[in-house]
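Here is what each chain is made of, one letter per residue.
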Amino acid sequence: AFPSTTASTPQPSKHPPHTSHTMKALILVGGFGTRLRPLTFTKPKPLVEFVNKGMIMHQIEALVKVGVTEIVLAIAYKPDAMKAEMEKQMEQSGLQDVKITYSHEKEPLGTAGPLALAREHLLADGNETFFVLNADVICEYPFAELLKYHKEKGAEGTIMVTKVDDPSKYGVVVSNENGQIQRFVEKPQIFVGDRINAGLYILQKEVLDRIELKPTSIEREVFPVMAEEGKLFAMDLPGYWMDVGQPKDYLRGLCLYMSAVKPETLRRPSGENADQITILQGVDVHPTAKIGAGSVIGPNVSIGANAVIGEGVRIQRSSIMSGTKIGSFSFIENSIIGWDSKIGKWCRLQNNTILGENVVVSSGCFINGATVCLHKGIKEDLPKEGTIVL
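Rules used in this analysis
Residues numbered from 1 in each chain as written. Predicted model: local features only at pLDDT ≥ 70, side-chain atom pairs only at ≥ 80, totals over all residues. Heavy atoms only, no water. Phe/Tyr/Trp six-rings, centres within 6.5 Å; stacked < 30°, edge-to-face > 60°. Helix = DSSP H or I, 4+ residues; strand = E, 2+ residues; numbered from the N terminus. Buried < 20%, exposed > 50% of the residue type's maximum accessible area, 1.4 Å probe, protein only. Contact = heavy atoms within 4.5 Å. Pairing = 2+ DSSP bridges. Axes fitted to C-alpha atoms, helices over the stretch in contact; angles between N-to-C directions.

(A) Seen up close, the packing of aromatic side chains. In total, this model carries six aromatic pairs according to the counting rule given. Relative to tyrosine 250, the ring of phenylalanine 50 lies with its centre 5.3 Å away and its plane at 80°, an arrangement referred to as edge-to-face. Residue phenylalanine 50 is located in strand S2 (residues 49-50), and its partner tyrosine 250 is located in helix H7 (residues 247-260); the two are separated by 200 residues in the primary sequence. According to the relative accessible area criterion, phenylalanine 50 is buried, its value standing at 0%. Using a relative accessible area of 0% as the deciding quantity, one classes tyrosine 250 as buried. Relative to phenylalanine 143, the ring of tyrosine 141 has its centre 5.6 Å away and its plane inclined at 25°; by these criteria the two rings are stacked. In terms of burial, tyrosine 141 and phenylalanine 143 fall into one category: buried.

Here is the structure:
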């Protein structure tokens, strides 16, 4: 099940090739999901649906494809809720055979501390190599290529890096032509490079000897030391990348995902009136959702399970969660509509409007860039951008 790692001229590696039949990964699930509220009041952030499956499920499916058999979730918040929802989503994805281990931080341990906490899980069964991922990252996850590159370089650690237009807002990774990382520069004011840490790593077990069980940053305290010793490499991430941890970026990530995904993997509406619905580019409709005649859906829309969309509805660049009902002739753009919400007829929602679970919007309402907490009723227009309804 492992990708082939033979190169035409074998590179001498400092690490023996990975031969055991298990491979592991750790996903940093971490915090409270404050940036994605009110959606995270209902579900832990990594399990909020992104194109009809929890964000983290996209990562897990990609890890399983390269032979990962055990995934450790480093959790600091609501471990029981996470576990219950996780079991449900793993079953829906047909992945119940993959072992999921929960590593619960009693206090937040940063981005390196969780590795120390999960040490015995990561090293069990003689495992020496493991992936580490930030749960908010959406991309095409080229893990087979990352594994091959990491072995060819004989690296202790390999970081995926992505190119950005404005490096001054980020920490920049500076590496030589061989991919060996020289240094990290935080928010550079003069140009030193345009590659940033993409939040996807592959590490050898030796890295764990560098980390103590206390709140520690892998980016600031561990990686710079490894770079100084010449043991850390960078690999360019092909294609798109987005941290979808906040609403604006979630919607941007939705567009990037939809333009990169193979169209045949997206589901179309079926049913007797399917020929009366217009579906544009980048739309995924859950098979149990119902859409009325004359509706135009897309571009860049996902519609969840058991959603009911009325007639003549227009939806673009939006995520409609499961169980939501949208009345006829409503217009929804650039919005995330939480689970089991009810939107009346002739409504207009736009401009990064976020509704939590079970929000009821009366017919004819205009909502412009508002955030509405769960179980609220909206009976009048919210025209002022940035309004928060608690």
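Next, the rest of the story.
(B) Structural view of the side chain of asparagine 334. Residue placement: asparagine 334 occurs in the loop between strand S23 (331-333) and strand S24 (335-337). We classify asparagine 334 as buried; its relative accessible area is 19%. Ignoring anything within four residues of it in the chain, the contact list for asparagine 334 reads Leu251, Gln316, Arg317, Ser318, Gln350, Asn351, Asn352 and Thr353.

(C) Focus on the sheet that holds strand S27 (residues 353-355). Reading across the sheet, the seven strands line up as S15-S18-S21-S24-S27-S30-S32 and stay open at both edges, with parallel pairing between neighbours. Edge positions in the sheet fall to strand S15 (283-285) and strand S32 (388-389), since each has one partner strand and no second. Against the sheet, H7 contacts S15, strand S18 (301-303), strand S21 (318-320), S24 and S27, and its axis sits at roughly 95° relative to S21.

(D) Quick peek at the pairing of strand S10 (residues 181-186). Pairing analysis gives five bridges linking strand S9 (residues 171-175) to S10, with the strands arranged antiparallel. The residue bridging valine 172 from the neighbouring strand is valine 185, located in S10. Hairpin connection between S9 and S10: a loop of five residues separates the two successive antiparallel strands, and glycine 179 in this loop has a positive phi of roughly 90°.

By themselves, these figures tell us nothing about what the structure is for.
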